[in-house]
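The primary structure of each chain is shown beneath.
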Amino acid sequence: SQQDFGLLVKQLRQKCEDIRAREIQKTLQKYPKDLSHDQLEDALRECSRAIVSKILHDPITQTKAFKDPEMEIDQEEGSFEVAGRWLRRFFRLTA
């Protein structure tokens, strides 16, 4: 339903926001307060890389699970390919 989808979007946004907040806090604790321009650049790169990695971790892991016979996921034929198509669609990736 529309309400369920709204809740799903809210949960997804919150999960991403939690990741963002944690990574910013970790970065702030790691670097001194009086950063040089180069240090700030390094800190921003490190933080943004960690955010992207953590946001993509679960979708990638769950998609790979479609190919893993050990995982308790419905192993319908072609399910890995379907999951891959959905990921491409969700992230607007080309072929």
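Being a predicted model, the structure only gives us computed values, none of them experimental. (Residues numbered from 1 in each chain as written. Predicted model: local features only at pLDDT ≥ 70, side-chain atom pairs only at ≥ 80, totals over all residues. Heavy atoms only, no water.)

Participant: What should I look at first to understand the pattern of salt bridges in this one?
Facilitator: Close approach of charged atoms lets side chains of opposite charge pair. Under the counting rule described, the total for this entry stands at six salt bridges. Taking the shortest distance from any N to any O, the salt bridge between glutamate 23 and lysine 26 comes out at 3.3 Å. Of the two residues, glutamate 23 and lysine 26 both sit in helix α1 (residues 2–30), three residues apart, roughly one turn of that helix. Two residues, lysine 54 and glutamate 23, come together in a salt bridge whose shortest N-O distance is 3.2 Å. Taken together, the positions of lysine 54 in helix α2 (residues 37–65) and glutamate 23 in helix α1 put the pair 31 residues apart, joining distant regions of the chain. We classify glutamate 23 as buried; its relative accessible area is 5%. Here the salt bridges share partners, and the residues they tie into one network are Glu23, Lys26 and Lys54. (Salt bridge = Lys/Arg side-chain N within 4 Å of Asp/Glu carboxyl O. Helix = DSSP H or I, 4+ residues; strand = E, 2+ residues; numbered from the N terminus. Buried < 20%, exposed > 50% of the residue type's maximum accessible area, 1.4 Å probe, protein only.)

Participant: Before we go on, may I ask you to explain unusual backbone geometry in this structure?
Facilitator: The phi torsion of most residues other than glycine is negative, and most of the peptide bonds are trans. At arginine 92, a residue that is not glycine, the phi angle is positive and equals roughly 55°. Topologically, arginine 92 is positioned in the segment after α3 (79–90). Using a relative accessible area of 78% as the deciding quantity, one classes arginine 92 as exposed.

Participant: Which parts of the structure should I look at to understand the side chain of threonine 27?
Facilitator: Along the polypeptide, threonine 27 turns up in helix α1. Overall, threonine 27 belongs to the buried group, its relative accessible area being 11%.

Participant: What's the story with the packing of α1 against α2 in this structure? I'm lost.
Facilitator: Axis angle and axis distance: for two packed helices, these are the angle between their axes and the distance between the axes, and together they describe the pair. Close contact between α1 and α2 brings their axes to 9 Å; oriented N to C, the two are set at 150°. Classified by the angle between their axes, α1 and α2 sit roughly antiparallel to one another. For the crossing formed where α1 meets α2, the hand is right-handed. Residue-level inspection shows Lys15, Cys16, Ile19, Arg20, Glu23, Ile24, Lys26, Thr27 and Lys30 of α1 in contact with α2, the latter providing Ala43, Glu46, Cys47, Ala50, Ile51, Lys54, Ile55 and Asp58. (Axes fitted to C-alpha atoms, helices over the stretch in contact; angles between N-to-C directions. Parallel < 35°, antiparallel > 145°, perpendicular 65-115°, else oblique. Left-handed = near helix turned anticlockwise from the far one by under 90°. Contact = heavy atoms within 4.5 Å.)

Participant: Where do I start with the packing of aromatic side chains in this structure?
Facilitator: Geometrically, a pair of aromatic rings is defined through the distance of the ring centres and the angle of the planes. In the structure shown here, the tally under the stated rule is one aromatic pair. Considering the side-chain rings of tryptophan 86 and phenylalanine 90, the 5.4 Å spacing of their centres and the 40° angle between planes classify their relative orientation as tilted. On the criterion of helical spacing, the pair formed by tryptophan 86 and phenylalanine 90 is a turn pair, its members being four residues apart in helix α3. A relative accessible area of 41% places tryptophan 86 in the partly exposed class. We classify phenylalanine 90 as exposed; its relative accessible area is 59%. (Phe/Tyr/Trp six-rings, centres within 6.5 Å; stacked < 30°, edge-to-face > 60°.)

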